[in-house]
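Okay, here's what each chain looks like letter by letter:
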Amino acid sequence: MLQNSDQYTHYATLTAMLAPAFFLTATASLLLSANNRLARIIDRARSLLKELHTLDDPLQRALYEQRIALQRRRSLIILRAGQLLYGAISLFVGTSLAVAADNLLAHRLGMLPTVLAALGVLAMFAASLLLARESTLAVKAVNEEMDHRHIAKRE
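(A) Geometry of helix H2 (residues 58-104). For H2, built from 47 residues, the straight-helix expectation of 69 Å at 1.5 Å per residue is met to within 8% by its first-to-last C-alpha distance of 68 Å. Just past H2, the residue Ala106 takes up positive phi, approximately 55°.

(B) Quick look at unusual backbone geometry. The backbone phi angle of Ala106 is positive, close to 55°, even though this residue is not glycine. Relative to the helices and strands, Ala106 resides in the loop between H2 and helix H3 (112-154). Positive phi, normally seen in glycine, also occurs at His107, with a value near 60°. Position of His107 relative to the elements: it lies in the loop between H2 and H3. Of the residues examined, His107 reaches a relative accessible area of 55% and is grouped as exposed.

(C) Structural detail: the packing of aromatic side chains. Taken as a whole, this structure holds 1 aromatic pair when the rule is applied. Between the aromatic rings of Phe23 and Phe92, the centroid separation amounts to 5.1 Å while the plane-to-plane angle is 15°, which identifies the pairing as stacked. Within this pair, whereas Phe23 is found in helix H1 (residues 4-52), its partner Phe92 is found in helix H2, the two being separated by 69 residues in sequence. Look at Phe92 and you get buried, because its relative accessible area is 1%. Positioned above the aromatic ring of Tyr64 is the side chain of Arg67, whose terminal nitrogen or guanidinium carbon lies 5.1 Å from the ring centre.

(D) Up close: the pattern of salt bridges. A full pass over the atoms with the stated rule returns 4 salt bridges. Here Glu134 ties to Arg74 by a salt bridge, and the two come within 2.6 Å at their closest N and O atoms. Remark: Arg74 occurs in helix H2 and Glu134 occurs in helix H3; sequence separation between them is 60 residues. For Arg74, a relative accessible area of 12% corresponds to the buried category.

(E) Examining the nonpolar core more closely. Membership of the largest hydrophobic core is limited to 12 residues, which are Leu31, Ala34, Ile41, Ile78, Ala81, Leu85, Ala88, Phe92, Ala123, Met124, Ala127 and Leu131. For this core, the secondary-structure elements that each account for two or more residues are H1, H2 and H3. The leading source of residues in this core is H2, at 5 residues. In this structure Leu31 touches Gly82, Leu85, Tyr86 and Ile89, once residues within four positions along its chain are discounted. Listed in part, the 5 residues of the second largest apolar core include Leu48, Leu52, Leu55 and Ile68.

Calculation rules
Residues numbered from 1 in each chain as written. Predicted model: local features only at pLDDT ≥ 70, side-chain atom pairs only at ≥ 80, totals over all residues. Heavy atoms only, no water. Helix = DSSP H or I, 4+ residues; strand = E, 2+ residues; numbered from the N terminus. Expected span 1.5 Å × (residues − 1). Buried < 20%, exposed > 50% of the residue type's maximum accessible area, 1.4 Å probe, protein only. Phe/Tyr/Trp six-rings, centres within 6.5 Å; stacked < 30°, edge-to-face > 60°. Lys NZ or Arg CZ within 6 Å of the ring centre and 35° of its normal. Salt bridge = Lys/Arg side-chain N within 4 Å of Asp/Glu carboxyl O. Core = buried A, V, L, I, M, F, W, Y, C linked by side-chain atoms within 4.5 Å. Contact = heavy atoms within 4.5 Å.

And the structure:
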């Protein structure tokens, strides 16, 4: 049977290992959102490419090529955000494992668990900034298309 102090250390270690799980949940949610957005971007780019092949007017073609370029920028931003989020997940899992290993090794890992957690949070923060940037580009794309359709209807 565990002594009270050993039992306390055991529960403290388990609690410390679970703390990154909250970040894992948030990161997984952002990753799901990013992957859904990427799928929509790909669908839109394919649609624009299909429409581009039917256009003969050089001005219309140039407009569609600009739209496709914007979708490409958006997809690259989402890709980077997703990579950062996968990295954050790895770092948070690594944090949990480092906490357990640190306890087993009589706290010889020093700041490693804290550094892993901090890097995970930084990766999540950077990904959030990229997702915000991509959202801005998405709104820009929609507004541009609405403005263009409004002008086209008047002509």
